[in-house]
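The residues making up each chain are set out below.
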Amino acid sequence: MSPSDKPLAWLHGEIKTPPFSRAARMEAGYLLRLLQKGQAVGMPQSRPMPVVGPRCHELRVRIVYRLDSDAVVILEVFTKKTRTTPKTVIDACTRRLREYDHA
């Protein structure tokens, strides 16, 4: 990791098999590395999640994160069976952000 790379701040979750396949773990690692280096990751790999908060996004591999100036904050790693993000995940991410920002 280069000194200019942003660290990952894990508030919840981990990338492991199961539930992630080996290919999904590799893709998640690659995409998180791009984010650490400050590279933009857009559709279809990442979509904005303004319902969670500003600068929040969801990686296609089911990771909700926020880009801060000094870190990539991982809010949740989850499995999803439908196209929509479960409300329980959104609520948990919102709560974690509130706690993180007021700590």
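Before any of the text, the structure's been laid out above.
Everything numeric in this text was worked out from a predicted model, so none of it was measured. (Residues numbered from 1 in each chain as written. Predicted model: local features only at pLDDT ≥ 70, side-chain atom pairs only at ≥ 80, totals over all residues. Heavy atoms only, no water.)

1. Some details on the overall build of the protein chain
Then step 1. The secondary structure content of the protein chain amounts to two helices and five strands.
Then step 2. The N-to-C order of helical and strand elements in the protein chain reads β-α-β-β-β-β-α.
Then step 3. A compact globule built from 103 residues would reach a C-alpha radius of gyration of about 13 Å, and the protein chain, at 13 Å, matches this within 12%.
Then step 4. With the C-alpha coordinates of the protein chain rotated into their principal frame, the extents come out at 40 × 35 × 25 Å.
Then step 5. Taken over 103 residues, the protein chain has a buried fraction of 40%.
Then step 6. The long-range share in the protein chain, meaning contacts at least 24 apart out of those at least 6 apart in sequence, stands at 50%.
Then step 7. As presented, the protein chain carries roughly 6200 Å² of accessible surface, and 57% of it is formed by carbon and sulfur atoms.
Then step 8. For the protein chain, the centre of its 18 positive side-chain charges and the centre of its 10 negative side-chain charges are spaced 6 Å apart. (Helix = DSSP H or I, 4+ residues; strand = E, 2+ residues; numbered from the N terminus. Rg over C-alpha atoms; globule rule 2.2 N^0.38 Å. Buried < 20%, exposed > 50% of the residue type's maximum accessible area, 1.4 Å probe, protein only. Contact = heavy atoms within 4.5 Å. Areas by Shrake-Rupley, 256 points an atom, 1.4 Å probe, with all protein chains shown as cover. Lys, Arg positive; Asp, Glu negative; His and termini not counted. Charge placed at Lys NZ, Arg CZ, Asp CG, Glu CD.)

2. Quick word on helix 1 (residues 22-36)
Then step 1. Across its 15 residues, helix 1 extends 21 Å between first and last C-alpha, which sits within 8% of the 21 Å expected from 1.5 Å per residue.
Then step 2. Taken together, the buried positions of helix 1 are A24, A28, L31, L32, L34, L35 and Q36.
Then step 3. Each element contacted by the buried residues of helix 1 is listed here: strand 1 (8-10), strand 3 (56-59), strand 4 (63-67) and strand 5 (72-77).
Then step 4. Positive phi appears at G38, one or two residues downstream of helix 1, with a value of about 85 degrees. (Expected span 1.5 Å × (residues − 1).)

3. Description of the state of the cysteines
Then step 1. Following the criterion strictly, the structure yields zero disulfides and no others.
Then step 2. Looking at the unpaired C56, the closest cysteine sulfur is the one in C93, lying at 7.7 Å.
Then step 3. Assessed through its relative accessible area of 3%, C56 is described here as buried. (Disulfide = S-S within 2.5 Å.)

4. Some words on the sheet that holds strand 5
Then step 1. Strands sit in the order 1-5-4-3-2 across an open sheet of five strands; the sheet is mixed. Two strands lie at the open edges of the sheet, namely strand 1 and strand 2 (46-48), each paired on one side alone. Strand-to-strand twist across the sheet, computed as the mean angle between neighbouring axes with direction ignored, equals 30 degrees.
Then step 2. As paired strands, strand 3 and strand 4 are joined by four bridges and run antiparallel to one another. If you follow E58 over to strand 4, its bridge partner there is V64.
Then step 3. Its contacts with the sheet place helix 1 against strand 1, strand 3, strand 4 and strand 5, and it is angled at close to 5 degrees to strand 4.
Then step 4. Contacts from helix 2 (residues 87-101) reach strand 1, strand 3, strand 4 and strand 5 within the one sheet, and its direction differs from that of strand 5 by about 145 degrees. (Pairing = 2+ DSSP bridges. Axes fitted to C-alpha atoms, helices over the stretch in contact; angles between N-to-C directions.)

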